[in-house]
Amino acid sequence: MREEHETTCKDEGLTVTEMSEEERQQMLEMIQPVYDYLDSQYEWAPEVRQMIADIE
């Protein structure tokens, strides 16, 4: 299913960039303050992030 979505994105002119596991971990560390802020402001934020993670 992921490949199908990737193909659709590419067909629409988007650039799809593959990240190494190291790059992915670095990105997650960098966006953690955003998650922390959202969690402090919106009680639904953790649940929404979990729903998104479950899709992967």
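Residues numbered from 1 in each chain as written. Predicted model: local features only at pLDDT ≥ 70, side-chain atom pairs only at ≥ 80, totals over all residues. Heavy atoms only, no water.

**A closer look at the overall build of the chain**
Here is step 1: In terms of helices and strands, the chain carries three helices and zero strands.
Here is step 2: Its helices and strands in sequence order give the chain the pattern α-α-α, from N to C terminus.
Here is step 3: Its C-alpha radius of gyration of 14 Å places the chain more than 25% over the 10 Å reference for a compact globule of 56 residues.
Here is step 4: Overall, the chain is about 40 × 25 × 20 Å in size when its C-alpha atoms are taken along their principal axes.
Here is step 5: Taken over 56 residues, the chain has a buried fraction of 4%.
Here is step 6: Here the chain displays about 5300 Å² of accessible surface, and carbon together with sulfur accounts for 54% of that area.
Here is step 7: If you average the places of the 4 positive and of the 16 negative side-chain charges in the chain, the two averages end up 3 Å apart. (Helix = DSSP H or I, 4+ residues; strand = E, 2+ residues; numbered from the N terminus. Rg over C-alpha atoms; globule rule 2.2 N^0.38 Å. Buried < 20%, exposed > 50% of the residue type's maximum accessible area, 1.4 Å probe, protein only. Areas by Shrake-Rupley, 256 points an atom, 1.4 Å probe, with all protein chains shown as cover. Lys, Arg positive; Asp, Glu negative; His and termini not counted. Charge placed at Lys NZ, Arg CZ, Asp CG, Glu CD.)

**Looking at the packing of aromatic side chains**
Here is step 1: Inspection of the entire model under this criterion finds one aromatic pair.
Here is step 2: With a centroid separation of 5.1 Å and an interplanar angle of 35°, the aromatic rings of Y42 and W44 are classed as tilted.
Here is step 3: Of note, R49 hangs over the ring of Y35, and the distance from its end group to the ring centre comes to 4.3 Å. (Phe/Tyr/Trp six-rings, centres within 6.5 Å; stacked < 30°, edge-to-face > 60°. Lys NZ or Arg CZ within 6 Å of the ring centre and 35° of its normal.)

**Overview of the side chain of E6**
Here is step 1: In this fold, E6 is placed in helix α1 (residues 2–11).
Here is step 2: In contact with E6, not counting residues within four places along its chain, are V16 and E18. (Contact = heavy atoms within 4.5 Å.)

**Digging into the pattern of salt bridges**
Here is step 1: Throughout the structure, instances matching the rule amount to two salt bridges.
Here is step 2: For the salt bridge of E6 with K10, the shortest nitrogen-to-oxygen distance reads 3.2 Å. Here E6 and its partner K10 are both found in helix α1, four residues apart, which amounts to about one turn of the helix.
Here is step 3: With a relative accessible area of 18%, E6 lands in the buried category.
Here is step 4: Under the relative-accessibility criterion, K10 is labelled partly exposed at 44%.
Here is step 5: For D39, the salt bridge identified is with R49, shortest N-O distance 2.9 Å. Here the residue D39 occupies a position in helix α2 (residues 21–41), and R49 occupies one in helix α3 (residues 45–55), the gap between them amounting to 10 residues. (Salt bridge = Lys/Arg side-chain N within 4 Å of Asp/Glu carboxyl O.)

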